[in-house]
Amino acid sequence: CSAAIGALAAGAPAETVRALHEYGHELGMSFQLVDDILGITGDPAVTGKSASSDVRAGKRSAPVVAALTAGTDASRRLGDLLAGGAPTTEEDVVLATKLIEEAGGIDWAAREADAHLDRALGCLDDVRALDGSPAPQRVLDDLVAVARYVVDRDH
C-alpha cells in the first residue's frame, strides 16, 4: 500500500496504482527474504544482532524451511537437530547454521529475493510504459534505487 497510496491520492490511473501496489508487494517479499538470510548469516557488527540470531531463537524462516524440505542429507540432519525445538548449545547453533547453508536454504532464499526484485523492477517498467505516465522519471529512478538497496543490504 505504501508504494501505491501516493499515486492513488494524486488521482493516477488505475494501471499506475496497480503496478505500484505490485511493486510494493514484490519489494516487501524480497526485503523479508533478505532479512531472513541476514538473521542466519549476518555479521553481528553490521546487523546489531548476534550471529545466527534467528537460528538461536528457533525461527522457521524461509531459508530454514527451504533447507528442511530440500531432501538432502543436510536437510535430514537439520530436521533431526531441530526436532526438539531451538538449538540449546552454541555448537548446535553453529551446526544448524552450517546445515541450513549446506542444504541450500540460503541460496534458495537469495534466488527468491532476486526473483522478487526482478518482478518489482518489472512493475516499474510497466509504469514507465504507460501512455502519459504520471510518474516522473526521477521518482521511478528513486524507487529502483530503493529496491536494489533492499536486496543488496547487509543489515
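For the structure itself, look to the data block above.
Described in the following lines is the structure provided in the data block. (Residues numbered from 1 in each chain as written. Predicted model: local features only at pLDDT ≥ 70, side-chain atom pairs only at ≥ 80, totals over all residues. Heavy atoms only, no water.)

### Some thoughts on the pattern of salt bridges
If you walk through the whole model with that rule in mind, you get six salt bridges. Glu26 is the salt-bridge partner of Arg119, the closest N and O atoms lying 3.2 Å from each other. Of this pair, Arg119 sits in helix H8 (residues 105-129) while Glu26 is found in helix H2 (residues 14-41), placing the two residues 93 residues apart along the sequence. Residue classification places Arg119 among the partly exposed positions, given a relative accessible area of 39%. Here Glu26 falls in the buried class, since its relative accessible area comes to 6%. Close ionic contact of Arg128 with Asp141 constitutes a salt bridge, the shortest N to O distance being 3.4 Å. Of this pair, Arg128 sits in helix H8 while Asp141 sits in helix H9 (residues 137-152); the two residues are 13 residues apart in sequence, bridging distant segments of the chain. A network of salt bridges, in which partner residues are shared, links Asp125, Arg128 and Asp141. (Salt bridge = Lys/Arg side-chain N within 4 Å of Asp/Glu carboxyl O. Helix = DSSP H or I, 4+ residues; strand = E, 2+ residues; numbered from the N terminus. Buried < 20%, exposed > 50% of the residue type's maximum accessible area, 1.4 Å probe, protein only.)

### Overview of the environment of Val146
Structurally, Val146 is set in helix H9. Each C-alpha atom of the pair Val146 and Leu27 lies 9.0 Å from the other, and the pair is 119 residues apart in sequence. The contacts of Val146, once residues within four sequence positions are left out, are Tyr23 and Leu27. (Contact = heavy atoms within 4.5 Å.)

### Details of the packing of aromatic side chains
Taken as a whole and judged by the stated rule, the model has zero aromatic pairs. Note that Arg153 overlies the ring of Phe31, its terminal NZ or CZ placed 4.0 Å from the centroid. (Phe/Tyr/Trp six-rings, centres within 6.5 Å; stacked < 30°, edge-to-face > 60°. Lys NZ or Arg CZ within 6 Å of the ring centre and 35° of its normal.)

### A closer look at the packing of helix H6 (residues 73-82) against helix H7 (residues 90-102)
Put simply, H6 and H7 touch, their axes get as near as 8 Å, and they point 150 degrees apart. Here H6 is positioned roughly antiparallel relative to H7, judged by the angle of their axes. Judged by the twist between their axes, the crossing of H6 over H7 is left-handed. Where H6 abuts H7, its residues Ala74, Arg77, Leu78, Leu81 and Leu82 lie against Asp92, Leu95, Ala96, Leu99, Ile100 and Glu102. By residue class, the composition of the contact of H6 with H7 is eight nonpolar, no polar and three charged. (Axes fitted to C-alpha atoms, helices over the stretch in contact; angles between N-to-C directions. Parallel < 35°, antiparallel > 145°, perpendicular 65-115°, else oblique. Left-handed = near helix turned anticlockwise from the far one by under 90°. Nonpolar A, V, L, I, M, F, W, Y, C, P; charged D, E, K, R; others polar.)

### Some words on the packing of H2 against H9
In the contact formed by H2 and H9, the axes pass within 8 Å of each other and the chain directions differ by 20 degrees. With respect to each other, H2 and H9 are oriented roughly parallel. Note that H2 runs across H9; the crossing there is left-handed. Contacts between H2 and H9 pair Leu20, Tyr23, Leu27, Ser30, Phe31 and Val34 from the former with Leu143, Val146, Ala147, Val150 and Val151 from the latter. Classifying every residue of the contact of H2 with H9 by side-chain character gives ten nonpolar, one polar and no charged.

### Structural notes on the environment of Arg119
Once the C-alpha coordinates of Arg119 and Tyr23 are considered, the two residues, 96 residues apart in sequence, prove to be 7.4 Å apart. Within polar-contact distance, the side chain of Arg119 engages the side chain of Glu26 at 3.2 Å. (Polar contact = N/O pair within 3.5 Å; in protein donor to acceptor, adjacent residues only side chain to side chain.)

### Observations concerning H6
When we look at burial in H6, the residues that qualify are Ala74, Ser75, Leu78 and Leu82. Viewed end-on, H6 has its buried residues packed into an arc of 95 degrees, placing them on one side of the element. Contacts made by the buried residues of H6 are with helix H5 (62-68) and H7. (Arc of directions from axis to C-beta.)

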